[in-house]
Amino acid sequence: MSCLGAWCPPVLAAVLVAVLELDVVQFGQFMISRPLVLGPVLGLLFGQPQTGLVLGACCELFSLDDVPVGDKLPLNATVAVAVSFLMICSPSRVPPELALPAGLLAGWAHQKLETLLRQRRRMFCCQAEQSLEQGRSPRLGCIIASALAEQAAWTLGLLLFCVLVGGPLLQWVWPFLPRGLSVGLGVAWELAPWLGLGVLLHALRPVR
């Protein structure tokens, strides 16, 4: 029971992130889902504000130059910072130098997942069109609620898989990694803020 209780805060945080992730493009767009905001918020909730701030800043900077254009979806930085932080703060205790790349990989996976979800949403448009052709109300409220619920459910599923399965797996694998790889990941973690600043400078470069 104590083991289940230890996992309760990360699971509840995953539920919160799944709801806040809708702020990215689906609902509100209050910027709460931005890594620079979400990271410190998670840090305050778990009593690790510095870790949340560093991860939030890194994920924010890494995704700064990757913007949605047309049907192109960028890496989901919200999922990236959430997975990175929750892996560090969950009972699995994944080292930050391993949690950050794992979080970025999760953000990439969510990008692919959301591409499929957007294609699936065409079905909702077809249903609304058919209702209008038949002279009936398309019930837009139900359609929008279904789309939001589906997005949040898949996001939550990905978060829980990464934290509950991926976290313990990485914790088990970490001691068996070649020393050169683990040292390299440690150096990359220390350089992550500087790499992020490099992305910022690239994004601010003058366009000719």
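Above this note sits the structure.
Thresholds, definitions, all that
- Residues numbered from 1 in each chain as written.
- Predicted model: local features only at pLDDT ≥ 70, side-chain atom pairs only at ≥ 80, totals over all residues.
- Heavy atoms only, no water.
- Helix = DSSP H or I, 4+ residues; strand = E, 2+ residues; numbered from the N terminus.
- Buried < 20%, exposed > 50% of the residue type's maximum accessible area, 1.4 Å probe, protein only.
- Polar contact = N/O pair within 3.5 Å; in protein donor to acceptor, adjacent residues only side chain to side chain.
- Contact = heavy atoms within 4.5 Å.
- Expected span 1.5 Å × (residues − 1).
- Phe/Tyr/Trp six-rings, centres within 6.5 Å; stacked < 30°, edge-to-face > 60°.

Novice: Describe the side chain of T78, with residues and values.
Specialist: With respect to the helices and strands, T78 occurs in helix 4 (residues 77-89). Residue T78 is classed as buried on the basis of its relative accessible area of 4%. Engagement of the side chain of T78 in a polar contact is seen with the backbone oxygen of S33, the distance being 2.7 Å. Non-local contacts of T78, meaning those with residues more than four positions away in its chain, are made with V17, E21, V24, S33, P35 and L38.

Novice: Which residues make up helix 8 (residues 179-203), and what values do they have?
Specialist: With 25 residues, helix 8 should reach 36 Å at 1.5 Å per residue; the first-to-last C-alpha distance of 35 Å fits that figure. Taken together, the buried positions of helix 8 are occupied by S182, L185, G186, A192 and G196. Tucked inside the fold, the buried residues of helix 8 contact helix 3 (49-62) and helix 5 (96-120).

Novice: Which residues make up the packing of aromatic side chains, and what are the values?
Specialist: Each aromatic ring pair is characterised by the separation of its centres together with the angle its planes make. Under the counting rule described, the total for this entry stands at two aromatic pairs. Note on F46 and F85: the rings are 5.6 Å apart at their centroids and 70° apart in plane angle, and the pair reads as edge-to-face. Of this pair, F46 sits in the loop between helix 2 (35-45) and helix 3 while F85 is found in helix 4, placing the two residues 39 residues apart along the sequence. Exposure remark for F85: the relative accessible area of 0% places this residue in the buried category. Ring centres 5.3 Å apart and planes at 45° place the aromatic pair W172 and F176 in the tilted group. Here W172 matches F176 in class, with each residue exposed.

None of this, on its own, says anything about what the molecule does.
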